[in-house]
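So the chains spell out like this:
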Amino acid sequence: MCDILKIIKDETAEWHSRVEMLVPVFRDGYTRADYTRLLEQFYGFYSGYEMALGRTAGLQTLLPDWRERLKLPWLEEDLCWLGRTKTELSRLPVCSRLPALDSPELALGALYVTEGSTLGGQVISRRLEQSLALLPGKGASFFAGHGSATGSMWRGFSNALRRFATAENERCILASAGETFKSLWLWLS
């Protein structure tokens, strides 16, 4: 059997690249105001996305620690540290064009995208420290993710996905990953 992670990576590479282009933290002249706007966009995406994930039957069984993987608390922490109030956050637009997440296959395909982003977030986190003097707990928790535990969290997700993936559900998982990248790209655009 082929490795589901390699298949998803190969088949979604173009969408992954498109999304990366919309996260310009490495651009010269990138400011805290630019960064705050980016976090607000991510907040709007994850608000709808994580709510939909929470309604996926069976996800808790396949990925018992999935609630520890929620990104919205980190986004809220960062945005409040950067001066936004919870009232302001509640008024931000929320992404409504999300992939379907009503089955474990669809949820795990989507989670491939957001869990994988924690790996790239480690690189972005270092850049934010250098360019904007932001640290985990001080404006950069979202991109810092699980910090030193990020690798083990990714391996835990990867193992769960590999155990669950079969020849019968592989296309569904793959399609969901692609739709999640596309939804995120459209939202950030």
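Located above this text is the structure these notes cover.
Residues numbered from 1 in each chain as written. Predicted model: local features only at pLDDT ≥ 70, side-chain atom pairs only at ≥ 80, totals over all residues. Heavy atoms only, no water.

Quick look at the nonpolar core now. The nonpolar side chains of a soluble globular protein tend to be buried with one another. Y35, F42, Y112, L128, F143 and L161 are the most contacted members of the largest nonpolar core, which totals 55 residues. Residue assignment for this core shows that the elements contributing at least two residues are α1 (4–11), α3 (32–54), α5 (72–81), α7 (104–132), α8 (141–144), α9 (150–164) and α10 (170–188). The dominant element in this core, judged by the number of residues it contributes, is α3, at 10 residues. With residues up to four places along the chain from it excluded, the contact list for Y112 reads L5, I8, K9, T12, W154, F157, L161, A177 and F181. (Core = buried A, V, L, I, M, F, W, Y, C linked by side-chain atoms within 4.5 Å. Buried < 20%, exposed > 50% of the residue type's maximum accessible area, 1.4 Å probe, protein only. Helix = DSSP H or I, 4+ residues; strand = E, 2+ residues; numbered from the N terminus. Contact = heavy atoms within 4.5 Å.)

This paragraph deals with the side chain of S125. Checked against the element boundaries, S125 lands in helix α7. Residue class for S125 comes out buried when judged on its relative accessible area of 11%.

In this section: the packing of α7 against α9. It is at 10 Å that the axes of α7 and α9 come closest, and there the two elements cross at 155 degrees. Considering their axes alone, α7 and α9 lie roughly antiparallel with respect to each other. Remark: the crossing between α7 and α9 carries left-handed chirality. In this structure, α7 contributes P104, E105, L108, L111, Y112, E115, G116, T118, L119 and Q122 to the contact, and α9 contributes T150, W154, F157, L161 and F164. Partitioning the contact of α7 with α9 into residue classes produces nine nonpolar, four polar and two charged. (Axes fitted to C-alpha atoms, helices over the stretch in contact; angles between N-to-C directions. Parallel < 35°, antiparallel > 145°, perpendicular 65-115°, else oblique. Left-handed = near helix turned anticlockwise from the far one by under 90°. Nonpolar A, V, L, I, M, F, W, Y, C, P; charged D, E, K, R; others polar.)

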